[in-house]
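Working through the structure, step by step
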Amino acid sequence: MTVAAQTHHLESFLHKTETKTLTTGIIGLGYVGLPLAQLFASQGFNVIGFDIDESKIRKLMNGESYIGHLPSTVIQQMRKDERFIAVSDFSQISSADTISICVPTPLDKAKQPDLTAVRMTAESMVDHLRPGQLIVLESTTYPGTTTEVLVPILEKSGLKIGEELFVGYSPEREDPANPHFTARTIPKVVGANDPASRRALESFYSTVFDQLVPVSSCEAAEMAKVLENIYRCVNIALVNEMKLLCQRMNLNIWEIIDAAKTKPFGFQAFYPGPGLGGHCIPIDPYYLSWKAREFDFATRFIELAGEVNTNMPYEVVNRITDHLSRNGVCLNGARLLVLGLAYKKNIDDCRESPSIKILKILADRGARLSYYDPHVKDFVSHRYGKLPGSELQTLTEDVLTEADGTIILTDHDAFDYDQIVKFSRLIVDTRNATRNVSQGREKIVLA
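The model shown is predicted, which means the values in this text are computed figures rather than measured ones.

Attention now goes to the overall build of the chain. Along the chain, the regular secondary structure elements total 14 helices and 16 strands. For the chain, whose C-alpha radius of gyration is 24 Å, the value lies close to the compact-globule estimate of 22 Å for 447 residues. Projected onto its principal axes, the C-alpha coordinates of the chain cover approximately 80 × 50 × 40 Å. Counting over 447 residues, the chain shows a buried share of 52%. Sequence separation of 24 or more characterises 68% of the internal contacts of the chain that already satisfy a separation of 6 or more. One way to put it: in the chain the 47 positive side-chain charges average out to a point 4 Å from where the 55 negative ones average out.

This part covers a nonpolar patch on the surface. Taken together, Leu 238, Met 242, Leu 245, Met 249, Leu 251 and Ile 256 make up a surface patch of nonpolar side chains, about 530 Å² in accessible area. Ranked by the residues each element gives to the nonpolar patch, the list is headed by helix H8 (residues 218-248), at 3 residues. Inspection of the secondary structure puts Met 249 in the loop between H8 and helix H9 (253-260).

This part takes up the sheet that holds strand E16 (residues 444-446). What the 6 strands build is an open sheet, ordered E13-E10-E9-E14-E15-E16; its pairing is parallel. Lying at the two open borders of the sheet, with one neighbouring strand each, are strand E13 (390-391) and E16. Relative to strand E10 (residues 368-372), strand E9 (residues 335-339) is paired through 5 bridges, and the arrangement is parallel. Within the sheet, the bridge partner assigned to Val 338 lies in E10 and is Tyr 371. Sheet strands touched by helix H12 (residues 354-364): E9 and E10. Its angle to E10, the strand with the most contacts, is close to 160 degrees.

Take the packing of helix H10 (residues 284-292) against helix H11 (residues 300-326) next. Packing of H10 against H11 leaves a shortest axis separation of 10 Å and a crossing angle of 145 degrees. Handedness of the crossing formed by H10 with H11: left-handed. Listed contacts from H11 to Pro 285, Tyr 286, Leu 288 and Ser 289 of H10 are Ile 302, Glu 303, Gly 306 and Thr 310.

Before going further, it helps to spend a moment on H12. Taken together, the buried positions of H12 are Pro 354, Ser 355, Ile 356, Ile 358, Leu 359, Ile 361 and Leu 362. On the buried face of H12, the contacting elements are H11, E9, E10 and strand E11 (380-381). Just beyond H12, the residue with positive phi is Gly 366, at close to 95 degrees.

In the structure shown here, the tally under the stated rule is 18 salt bridges. Here Lys 291 ties to Glu 294 by a salt bridge, and the two come within 2.8 Å at their closest N and O atoms. The class of Lys 291 is buried, set by a relative accessible area of 6%. Sharing partners across several salt bridges, the network here consists of Lys 16, Asp 97 and Arg 130.

What follows deals with unusual backbone geometry. Even without glycine at this site, Glu 352 takes up a positive phi of about 55 degrees. Topologically, Glu 352 is positioned in the loop between E9 and H12. Judged by relative accessible area, Glu 352 falls into the partly exposed class, the value being 34%. One non-glycine residue, Asn 432, lies in the positive phi region at around 60 degrees. Within the fold, Asn 432 resides in the loop between strand E15 (427-429) and E16. Exposure remark for Asn 432: the relative accessible area of 8% places this residue in the buried category.

Here the focus is the packing of aromatic side chains. According to the stated counting rule, one finds 12 aromatic pairs in the structure shown. Both rings, one in Phe 40 and one in Tyr 205, keep their centres 6.2 Å apart while their planes meet at 50 degrees; by these two values the pair is tilted. Of this pair, Phe 40 sits in helix H2 (residues 33-42) while Tyr 205 sits in helix H7 (residues 195-206); the two residues are 165 residues apart in sequence, bridging distant segments of the chain. With relative accessibility at 0%, the residue Phe 40 sits in the buried group. Aromatic side chains Phe 415 and Tyr 417 sit 6.0 Å apart centroid to centroid with 75 degrees between the ring planes, which places their arrangement in the edge-to-face category. The buried category is assigned to Phe 415, whose relative accessible area is 7%. Ring pairs connect the aromatic residues Phe 40, Phe 45, Phe 204, Tyr 205 and Phe 209, which therefore count as one cluster. Cation over ring: Lys 111 sits above Tyr 286, and NZ or CZ is 5.0 Å from the ring centre.

How each quantity is defined
Residue numbers run consecutively from 1 along every chain, following the written order of its sequence. Under the rules for a predicted model, residues below a pLDDT of 70 receive no local features and side-chain atom pairs below 80 are neither given nor counted, while totals for whole chains, interfaces and linings still include all residues. Excluding hydrogens and water, the side-chain figures rest on all heavy atoms present in the structure. The way it works is that DSSP assigns letters per residue, a run of H or I at least four long becomes a helix, a run of E at least two long becomes a strand, and they are numbered from the N terminus. In this setup the radius of gyration rests on C-alpha atoms only. A globule is expected at 2.2 Å times the number of residues raised to 0.38. Exposure classes here rest on a 1.4 Å probe applied to the protein chains alone. A residue is buried below 20% of its type maximum, exposed above 50%, and partly exposed in between. By definition in these notes, contact holds between two residues if any of their heavy atoms fall within 4.5 Å. For this count, His and the chain ends are skipped, Lys and Arg are scored as positive, and Asp and Glu as negative. Positions of charges follow a simple convention, taking NZ of Lys, CZ of Arg, CG of Asp or CD of Glu. Each patch groups residues whose relative accessible area exceeds 30% and which form no salt bridge, using 9 Å between like charges and 5 Å between nonpolar side chains of Val, Leu, Ile, Met, Phe, Trp and Tyr. In these tables, accessible area is a Shrake-Rupley quantity obtained with a 1.4 Å probe, and a residue counts as shielded only by the protein chains included in the view. Salt bridges are counted wherever a side-chain nitrogen of Lys or Arg sits within 4 Å of a carboxyl oxygen of Asp or Glu. Being paired, for any two strands, means DSSP has found at least two bridges between them. Structural elements are reduced to axes, namely lines fitted to C-alpha atoms, with helices fitted over the stretch in contact, and the angle between N-to-C directions of any two is expressed from 0 to 180 degrees. Less than a right angle of anticlockwise turn of the near helix away from the far helix marks a crossing as left-handed, whereas a clockwise turn marks it as right-handed. For this analysis, a ring pair means two rings from Phe, Tyr or Trp (six-membered ring only for Trp) whose centres lie within 6.5 Å, classed as stacked if their planes differ by under 30 degrees, edge-to-face if by over 60, and tilted for the remaining angles. Two conditions define a charge sitting above a ring: the NZ of Lys or the CZ of Arg must be within 6 Å of the ring centre, and it must be within 35 degrees of the ring normal.

If you want it as structure tokens, here you go:
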């Protein structure tokens, strides 16, 4: 390819970015991809959303949302003037000038990276690529994925990376239901391995996000994302371990954290819980520990943090068992009410939620379960199938009084904690959700 031809592809792309005449593609319309599509559409770009789930496609084309914190009115606004369309036909990849890949990157049963979705997506794209497109991987993964996994598949198209096809990595930084940050206002890390790809990536994303954070390579951007999540994982493990010690010492870990965080320097508050949940924190550290073995390096902090956090659901069940016993109730046969399935408050996302694991452990130990989450309905676990016990549609006084114990696993704002404490016999609170309840505190156990 001549220098003139290479320059033509880049300059044409930059012109479309500046004039907002390009079409953006989003592959994977889940908790990351759909908000990204909404952001691109809100900035004036035409957006094609790709997903293999036909039910998602039908809902989106009908103006319906399936994500709790993105109401249907948002989808309907995106659909105005056909600004956004959703398809399962990957041949339409050729119509997009940019393609952001937002597909799942889970762990397999051996806690090793499962990049099946990334590979299948790339293979589905390769026959429909054309010169002048920008491909951006957004899925969280280990350093080297873009270069070692994605690029070799894209090269099957016959297009030269950095000349005819531009490739970069930019990790998602979604925090669902956080009112203080939006997809646009969270600084966006971007990295690419050649000058043309870097320029294309930065040019496009600078029109969408308030602040870019350019780094030197795809690998640096991949490592930045993993480091963010490992930082949280390790610190959460620390406070989880401190919680267990405080329980032995009859101390309130939340009171202690609140006191410690008044220090105006050198301390950041992290809070304990029943375990780790979400699509990042429980998974991403293992991506790096797996990759580190290639370099004969043992990531001991990561492994230890994983041990502590993985064990937390079992510790919660042990705490439930002990306090039921003090009330003269055996866990085997106990009637337990579980409040909250989502991995964090005020959302409907149950991915890797410790609530699901705790339900399974309690059921295996003979508890008779019912559960309620105002944000989650008819959830089926990919790992365990249908949840054990009975799903409640409403939370009533009778349900609370009939249970031997009420277990708070997610601290949704929708719960009336005064009423929950008033009518429950025993409350095991894993989130300190009842901290402002003044009456009936003798029934509350922090776990």
